[in-house]
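A closer look at the structure
Given next are the chains, with one letter for each unit.
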Amino acid sequence: PLLVVLSLVARAVSVAISRILVVVPPPGSPVREPVRTYRCGLASTRAYMPSTPLPIRIEDAAAYQSVTTEQTTGGHVWAAAEVLLDFFRAAPGLVAGRCVLELGAGTGYLGMHLARDLSPSRIVLTEMEQGNALGWLTRNVEANRRAGGPLPRLETAALDWRWVEEEELGAEAEGSASGKADGGREGGGCEAAARGPFVAILSEAWELVVGSDLVYNEAGMAMLPRLLGRLLCSRGGARGVSMYYAHTLNRYEFYDRDFFAALEAQGLSYVQAWPQPEGDGGGLGAEGAFSGELFPEQRIVVLRISRAPVDR
């Protein structure tokens, strides 16, 4: 009997050890869940989702200075990006399974976390090429990939907001040459045909646009609403896409007022999605009215920007 008991114990230990060897991955490798399928328009990808993801790392200031030729706001992670990430983590259904476009991605912090944690079908992080801002963004993404970061559905791409102005000038020149007035530009120009490098961006069936603290100078304040006027259009008769934008209110004296006025001029509406306004005086309401404070404090809000309803 003793030999039988010892034999059974040895067998049980052997089975337990074999299971441990199967389950435990090699040191340093992320634990992976079964394959899932994702959709983005007509394209589909298959990717592993890590259950114990590696941390997203942003390279230091010395690396930033070595890569870029102009110093911009993309050198570090801003608080608004962290707020927007927390907002999406509390509402993951806004991102999961959707085709996502990030404007002014900077370090890539927000977009990489969304790609890793919230399962978009595809996410494209954009930056301008000027000053090698796009190179800095791509460097951070590739560094995380080399470290084992699971970012299979993430891409980087060039998007210079000045393309909108160049496109408009080209359309006006063509209109003058043909003797026709420029059409389709009022209210965001959804009917205007895309041209130049803008075609690749506008031809995609984006389901969500994101960004954080993109208004920090007069050029950005003027160009971002015009860009959104083109991006936030319906695609194929479907419901128009929305942007969730984390914005620091009251950072500059007049930029907020001018920015919101420019959004309205493009036929866009905006509401405060977070934090939820309290009563009638809680920051931005449905009409975009401020609380009327004499000396308002800077605060970060998440806005949902979309095309305003059209009366028919």
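Preceding block: the structure.
Definitions and cut-offs
Residues numbered from 1 in each chain as written. Predicted model: local features only at pLDDT ≥ 70, side-chain atom pairs only at ≥ 80, totals over all residues. Heavy atoms only, no water. Helix = DSSP H or I, 4+ residues; strand = E, 2+ residues; numbered from the N terminus. Buried < 20%, exposed > 50% of the residue type's maximum accessible area, 1.4 Å probe, protein only. Contact = heavy atoms within 4.5 Å. Axes fitted to C-alpha atoms, helices over the stretch in contact; angles between N-to-C directions. Parallel < 35°, antiparallel > 145°, perpendicular 65-115°, else oblique. Left-handed = near helix turned anticlockwise from the far one by under 90°. Nonpolar A, V, L, I, M, F, W, Y, C, P; charged D, E, K, R; others polar. Pairing = 2+ DSSP bridges.

Further remarks concern the side chain of Asn140. Relative to the helices and strands, Asn140 resides in helix H5 (residues 133-146). For Asn140, a relative accessible area of 0% puts it in the buried group.

Moving on, we come to the environment of Asp258. If you trace the backbone, Asp258 turns up in helix H9 (residues 255-265). C-alpha separation for the pair Asp258 and Met221, spaced 37 residues apart in sequence, amounts to 7.4 Å.

Below, the discussion takes up helix H4 (residues 109-117). Residues three or four positions apart in an α-helix share a direction because the helix packs 3.6 residues into each turn. Most of H4 is tucked away, with eight of its nine residues classed as buried. Looking at the buried residues of H4, the elements they touch are helix H3 (79-90), strand E3 (99-102), strand E4 (122-127), H5, strand E5 (154-158) and strand E6 (208-212). At the C-terminal side of H4, Ser119 shows a positive phi close to 55°.

Another aspect to go through is the packing of helix H8 (residues 218-231) against H9. One can describe the packing of H8 onto H9 by two numbers: an axis separation of 9 Å at closest approach and a directional angle of 20°. Taken together, the axes of H8 and H9 are roughly parallel relative to one another. Relative to H9, the crossing made by H8 is right-handed. Two secondary-structure elements touch here, H8 through Glu218, Met221, Leu224, Pro225 and Leu228 and H9 through Tyr255, Asp258, Phe259, Ala262 and Leu263. For the contact of H8 with H9, the per-class residue count stands at eight nonpolar, no polar and two charged.

With that out of the way, let us pick up the pairing of strand E9 (residues 299-307). Across seven bridges, the pairing between strand E7 (residues 243-249) and E9 is antiparallel. Residue Met243 lies in a different strand from E9, and its bridge partner there is Ile305.

Moving on to the sheet that holds E5. Strand order in the open sheet formed by seven strands is E5-E4-E3-E6-E7-E9-E8, with mixed pairing between adjacent strands. Looking along the sheet, the strands with just one partner apiece sit at the ends: E5 and strand E8 (268-274). Between one strand axis and the next, the sheet turns by 25° as a mean value, whatever way the strands run. Pairing between E4 and E5: five bridges, direction parallel. Bridge pairing links Ile123 to Leu154 in E5. Helix-sheet contacts for H9 involve E7, E8 and E9, and the interaxial angle to E7 is about 155°.

Read these as layout, nothing more, since geometry by itself doesn't imply function.
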